[in-house]
Amino acid sequence: MAKRQSFADKASKKSHVKLCPICNSAIDAVRLVDPAYSSDKKSWKFKDKIVEICKCNEKAILG
C-alpha cells in the first residue's frame, strides 16, 4: 500500500526550474497566439507557439 502524502510534503518538493545562463532568472514557457487574416478565405486564423521567456528577453518577445 502506498504512503499517504500530505500537502506540506507536496509543497516542500523542489520544482524543476530552468535558469537563464545570461540573467540567472527563471525561464517560463509561455504560449503566444498570433492572429493572421487569410485573404483567400476571408477569415482569421490563429498561429500559436510556445516560447521560453526570462527577464533578459521579455521585452524583445512581448514588446
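The following refers to the structure shown. Just so it is clear, the model here is predicted, and its values are computed rather than measured. (Residues numbered from 1 in each chain as written. Predicted model: local features only at pLDDT ≥ 70, side-chain atom pairs only at ≥ 80, totals over all residues. Heavy atoms only, no water.)

### Some remarks on the overall build of the chain
When you go through the chain residue by residue, the secondary structure sums to two helices and two strands. Going residue by residue from the N terminus, the α and β elements of the chain occur as α-β-β-α. Relative to the 2.2 N^0.38 estimate, which gives 11 Å for 63 residues, the radius of gyration of the chain is 20 Å and therefore markedly larger than a compact globule would have. The buried share of the chain, reckoned over its 63 residues, is 10%. (Helix = DSSP H or I, 4+ residues; strand = E, 2+ residues; numbered from the N terminus. Rg over C-alpha atoms; globule rule 2.2 N^0.38 Å. Buried < 20%, exposed > 50% of the residue type's maximum accessible area, 1.4 Å probe, protein only.)

### Some thoughts on the pattern of salt bridges
The final tally for this structure, using the stated rule, is two salt bridges. Between K18 and E52 there is a salt bridge, with its nearest N and O atoms 2.9 Å apart. One end of the pair, K18, is in the loop between α1 (7–12) and β1 (28–38); the other, E52, is in strand β2 (residues 43–53), with 34 residues separating them in the sequence. Across the salt bridge formed by R31 and D48, the nearest N and O atoms sit 3.4 Å from each other. (Salt bridge = Lys/Arg side-chain N within 4 Å of Asp/Glu carboxyl O.)

### Digging into the pairing of β2
Bridge count between β1 and β2: eleven bridges; the pairing is antiparallel. Each residue of the ladder has a partner; that of R31, found in β2, is I50. Linking β1 back to β2 in an antiparallel pair, the connection comprises four residues, with K42 at a positive phi of about 55 degrees. (Pairing = 2+ DSSP bridges.)

### Considering the side chain of S38
With respect to the helices and strands, the residue S38 is situated in strand β1. What S38 contacts, discounting residues up to four positions off in sequence, is S43 and K45. (Contact = heavy atoms within 4.5 Å.)

### Focus: the environment of L19
Within the element layout of this structure, L19 appears in the loop between α1 and β1. Sequence separation of L19 and C54 is 35 residues, and the distance between their C-alpha atoms is 8.5 Å. Each residue touching L19, except ones within four places of it in the same chain, is listed here: N24, S25, A26 and I27.

### Some words on the packing of aromatic side chains
Inspection of the entire model under this criterion finds one aromatic pair. Seen in terms of ring centroids, Y37 and W44 are 5.3 Å apart; in terms of plane orientation they differ by 65 degrees. Their pairing is edge-to-face. (Phe/Tyr/Trp six-rings, centres within 6.5 Å; stacked < 30°, edge-to-face > 60°.)

### Thoughts on the environment of A26
Here A26 is to be found in the loop between α1 and β1. C-alpha of A26 to C-alpha of L62: the two residues are 36 residues apart in sequence and 17 Å apart in space. Excluding anything up to four places from it in sequence, A26 contacts V17, K18, L19, I53 and C54.

Everything listed here is a matter of geometry and, on its own, says nothing about what the molecule does.
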